[in-house]
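Okay, here's what each chain looks like letter by letter:
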Amino acid sequence: MKKAVFPGSFDPITSGHYDVIKRGAKLFDELIIAIGINADKKYMFSLEERKKFIEDCFKNEPNIKVVTYKGLTVDFCQKNNVDFILRGLRNPADFEFEKAIAHTNRDLAPIETVFLLTAAKTSYISSSIVRDVIRNNGDYTKLVPKSVRVK
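Residues numbered from 1 in each chain as written. Predicted model: local features only at pLDDT ≥ 70, side-chain atom pairs only at ≥ 80, totals over all residues. Heavy atoms only, no water.

As annotated in an unreviewed UniProt entry, the chain carries the name Phosphopantetheine adenylyltransferase and comes from Polaribacter vadi. The record held by UniProt for the chain lists under Function (unreviewed entry) the comment "Reversibly transfers an adenylyl group from ATP to 4'-phosphopantetheine, yielding dephospho-CoA (dPCoA) and pyrophosphate." Comment text from UniProt for the chain, heading Catalytic activity (unreviewed entry), reads "(R)-4'-phosphopantetheine + ATP + H(+) = 3'-dephospho-CoA + diphosphate". (UniProt positions renumbered as here; feature names shortened; annotations may be inferred.)

Laid out in structure tokens, this is it:
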């Protein structure tokens, strides 16, 4: 069974994440969306909200699981018998950053990173842009899946 993990903070999940997850789920028997917990980071949405947004997006996708984890992604992968990390790339800067992480992960464990290019129509979207639009009362609904609703 080919298992992959798609790690991130997903604060919140964006339409770009959604696209990569849907396409990645076709490549693997199981895709685990792993929400990393970083005590040093200040989030707009609680861990429970972020998890629910994602679970609601993929409730009808039996090969997609949503979990939370602490620590290194490669340690999570090894504990869960996952051989692949899935990452989305929006631009050349993403590639340079993700390449360094992928090399480091491969040095730490026998984990391969698989990159998918984001769809052109979502390549400009980032969680930080979405948070800024929300903070400023803009229309964020075009940037996120329908499950993401702000109070």
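Read on, since the account is not over.
The full count for this structure, using the stated rule, is six aromatic pairs. Considering the side-chain rings of Tyr18 and Phe58, the 5.2 Å spacing of their centres and the 20 degrees angle between planes classify their relative orientation as stacked. With Tyr18 in helix α1 (residues 15-25) and Phe58 in the loop between α2 (47-57) and β3 (64-70), this residue pair connects regions lying 40 residues apart in the sequence. A relative accessible area of 30% means that Tyr18 is categorised as partly exposed. When the ring of Phe45 is compared with that of Phe53, the centres are 5.3 Å apart and the planes differ by 75 degrees; the resulting orientation is edge-to-face. Residues Phe45 and Phe53 agree in their burial class; the two are buried. The cationic tip of Arg50 hangs over the ring face of Tyr43; the distance from NZ or CZ to the ring centre is 3.8 Å. (Phe/Tyr/Trp six-rings, centres within 6.5 Å; stacked < 30°, edge-to-face > 60°. Helix = DSSP H or I, 4+ residues; strand = E, 2+ residues; numbered from the N terminus. Buried < 20%, exposed > 50% of the residue type's maximum accessible area, 1.4 Å probe, protein only. Lys NZ or Arg CZ within 6 Å of the ring centre and 35° of its normal.)

Within helix α5 (residues 127-135), the full set of buried residues consists of Ser127, Val130, Arg131 and Ile134. Projection of α5 onto a plane perpendicular to its axis shows the buried side chains occupying an angular sector of 100 degrees, all on one side. Buried residues in α5 make contact with α1. Immediately downstream of α5, the backbone of Asn137 shows phi near 60 degrees, a positive value. (Arc of directions from axis to C-beta. Contact = heavy atoms within 4.5 Å.)

Quick look at the pairing of strand β2 (residues 30-37) now. Among the eight residues that make up β2, seven are buried, leaving the element largely enclosed by the rest of the structure. Relative to β2, strand β1 (residues 3-8) is paired through six bridges, and the arrangement is parallel. The residue of β2 that forms the bridge with Ala4 is Leu31. In this fold, β1 hands off to α1, which returns the chain to β2; that crossover is right-handed. Judged from the seven bridges that link them, β2 and β3 form a sheet pairing that is parallel. Across the sheet, the residue bridging to Leu31 is Ile64, located in β3. (Pairing = 2+ DSSP bridges. Right-handed = clockwise from strand over helix to strand, strands pointing away.)

Per the UniProt record, "domain: Cytidyltransferase-like" (unreviewed entry) is found at residues 5-132. Helix makes up 41% of residues 5-132 and strand 24%, with an end-to-end C-alpha separation of 27 Å.

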